[in-house]
Amino acid sequence: MTRPITAGVDGTAESLAALDWAAREAVRRDLPLRVVHAWRYAEALATADRDTQHGWVSEGVSAAVRGVRERHPELRVSVDVVEGGAADALAAAAAEAEMLVLGSRGHGPVVGFLLGSVGQQVIAEAARPVVLVRAGDRPTAEAAGRDVVVGQHGGAEDSAGALRFAFETAAARGATVRAVRAWTLPPVFAYSPGSMKLLDDAGGLEPYERQALADALRPWRERFPDVPVAEHVEMGSAGEVLLSVAGRAQLVVVGRRAHRTAVGARIGSVAHGVLHHADCPVAVVPHE
């Protein structure tokens, strides 16, 4: 089954940038593009019935899609205008997509809705990768020489989804994967005879971390032999280390586990921090 790349559009500059990003990626991967807009009937507009309001919404979405069709005449494009809540509609669309692409405002005290309750719910619940794109994104940012940066942590299985996405994206773009592993000194109580032996065998903490990154990358290097790989191991918090190398990235890829609390789903602190502060598009990939 061929999954489309799906873009959520709401008429904002951020969502239109996301639509353009999704269209370019669909062309690169030879996949169809699906455009989704969620709307609610406004009863307060007494002079416009449901069909009229639906027509207004559909025309606005069609206008955005016309530009994409003109720029990419070879691209297969479908449009769905769905009545209902944005979070539910986007999460459902993500389940049927190769990836879901959305707009994000990002910086500042007032963060775009995609880092508010709706977006956080979509990112935390989406079964497929979600890519967040800012209004200022341009095709020139995808030029050769800019890396696809991916965060790796834990064992080989912990970051498999994020690594898969990063290598697939880099292969489609002819880019380098820059794999980043951050490490910190463990608290004293975390040491055990077993962990101390592993560290001794590796020659210390940093060599151990470098070997862990190499082990996690090995199957993906074998699967994508033509993709150049740069390994970056640095002591520090994962979010800060990722952001320190994101300035030369065309895309940052992070994994996520959803954390459910009494007030709803929450994404991890690393993904949240990178989404706030990275200037380039960010892909949040659920753990496999």
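These numbers were taken from a predicted model, which means no experiment stands behind them.

(A) Summary view of the nonpolar core. Counting 49 residues, the largest nonpolar core has Leu 33, Val 101, Val 131 and Val 253 as its most contacted members. The residues touching Leu 33, leaving out its near neighbours within four places in the chain, are Ile 5, Ala 7, Leu 19, Ala 22, Ala 23, Ala 26, Val 68, Leu 75, Arg 76, Val 77 and Ser 78. Of all hydrophobic cores here, the second largest spans 28 residues; its members include Ile 123, Leu 132, Val 245 and Val 254.

(B) Summary view of the pattern of salt bridges. A complete count under the given rule lists 18 salt bridges for this structure. With a closest N to O distance of 2.8 Å, Arg 173 and Glu 25 form a salt bridge. Linking Arg 173 in helix H5 (residues 160-173) with Glu 25 in helix H1 (residues 13-29), this pair joins segments that are 148 residues apart in sequence. The class for Glu 25 is buried, based on a relative accessible area of 0%. For Arg 66, the salt bridge is made with Glu 59, and the minimal N-O distance between the two is 3.1 Å. Glu 59 gets classed as partly exposed once you look at its relative accessible area, which sits at 43%. A cluster of three or more residues bridged by salt bridges with shared partners is formed by Arg 24, Glu 25, Arg 28, Arg 29, Asp 137, Glu 142, Glu 168 and Arg 173.

(C) Here's a closer look at the environment of Gly 145. Assignment of secondary structure puts Gly 145 in the loop between strand S5 (130-133) and strand S6 (147-151). Separated by 105 residues in sequence, Gly 145 and Gln 250 have C-alpha atoms that sit 9.0 Å apart.

(D) Just helix H8 (residues 238-245), in detail. Those residues of H8 lying buried are Gly 239, Val 241, Leu 242 and Val 245. Projected onto a plane normal to the axis of H8, the buried residues spread over an arc of 165° and lie on a single side.

(E) Structural detail: the sheet that holds strand S1 (residues 5-8). Spatially, 10 strands are ordered S3-S2-S1-S4-S5-S12-S9-S6-S7-S8 in an open sheet, and the strand pairing comes out mixed. Two strands bound the open sheet, and with one partner strand each, they are strand S3 (77-83) and strand S8 (229-235). On average, each strand axis in the sheet is inclined to that of its neighbour by 20°, with strand direction left out of account. In the sheet, S5 pairs with strand S12 (residues 282-286) via 3 bridges, with the strands oriented antiparallel. Note that in S12 the partner of Val 130 across the bridge is Val 284. Together, S1, strand S2 (33-39), S3 and strand S4 (99-103) form the strand contacts of helix H3 (residues 86-95), whose direction differs from that of S2 by roughly 160°.

(F) Broad picture of H5. Between the first and last C-alpha of H5 there are 20 Å, a value that for 14 residues agrees with the 20 Å anticipated at 1.5 Å per step. For H5, the full list of buried residues reads Ala 160, Gly 161, Ala 162, Leu 163, Phe 165, Ala 166, Phe 167, Thr 169, Ala 170 and Arg 173. Downstream of H5 by one or two residues, Gly 174 has phi in the positive range, about 65°.

(G) Representation of the pairing of S12 within the structure. For S12, the buried fraction is high: 5 of the 5 residues fall into the buried class. Burial along S12 is two-sided: Val 282, Val 284 and Pro 286 and Ala 283 and Val 285, pointing in opposite directions, are all buried. Pairing of strand S9 (residues 249-256) with S12 involves 5 bridges; the strand directions are parallel. Looking across to S12, one finds that Val 254 is bridged to Val 284.

(H) Geometry of the packing of aromatic side chains. Under the counting rule described, the total for this entry stands at 1 aromatic pair. With centroids separated by 5.8 Å and ring planes inclined at 35°, the aromatic side chains of Phe 167 and Phe 224 adopt a geometry described as tilted. Note that Phe 167 is positioned in helix H5 and Phe 224 in the loop between helix H7 (205-223) and S8, a separation of 57 residues in sequence. Side by side, Phe 167 and Phe 224 carry an identical accessibility label, which is buried. Positioned above the aromatic ring of Phe 165, the side-chain terminus of Arg 29 is 5.5 Å from the ring centre.

(I) The arrangement of the side chain of Gln 250 in detail. Among the secondary structure elements, Gln 250 is positioned in strand S9. Side-chain polar atoms of Gln 250 contact the backbone oxygen of Arg 146, separated by 2.6 Å. When sequence neighbours within four positions are dropped, the list of residues in contact with Gln 250 reads Ala 141, Glu 142, Ala 143, Arg 146, Asp 147, Val 148, Arg 173, Ala 175, Cys 280 and Pro 281.

(J) Summary view of the packing of H8 against helix H9 (residues 269-277). Close contact between H8 and H9 brings their axes to 9 Å; oriented N to C, the two are set at 35°. By crossing handedness, the relation of H8 to H9 is classed as right-handed. Between H8 and H9, the contacting residues are Ala 238, Gly 239, Leu 242 and Leu 243 on the first element and Val 270, Gly 273, Val 274 and His 277 on the second. The residue inventory of the contact of H8 with H9, partitioned by class, reads 5 nonpolar, 3 polar and no charged.

Calculation rules
Residues numbered from 1 in each chain as written. Predicted model: local features only at pLDDT ≥ 70, side-chain atom pairs only at ≥ 80, totals over all residues. Heavy atoms only, no water. Core = buried A, V, L, I, M, F, W, Y, C linked by side-chain atoms within 4.5 Å. Buried < 20%, exposed > 50% of the residue type's maximum accessible area, 1.4 Å probe, protein only. Contact = heavy atoms within 4.5 Å. Salt bridge = Lys/Arg side-chain N within 4 Å of Asp/Glu carboxyl O. Helix = DSSP H or I, 4+ residues; strand = E, 2+ residues; numbered from the N terminus. Arc of directions from axis to C-beta. Pairing = 2+ DSSP bridges. Axes fitted to C-alpha atoms, helices over the stretch in contact; angles between N-to-C directions. Expected span 1.5 Å × (residues − 1). Phe/Tyr/Trp six-rings, centres within 6.5 Å; stacked < 30°, edge-to-face > 60°. Lys NZ or Arg CZ within 6 Å of the ring centre and 35° of its normal. Polar contact = N/O pair within 3.5 Å; in protein donor to acceptor, adjacent residues only side chain to side chain. Left-handed = near helix turned anticlockwise from the far one by under 90°. Nonpolar A, V, L, I, M, F, W, Y, C, P; charged D, E, K, R; others polar.

Structural measurements only, silent on function.
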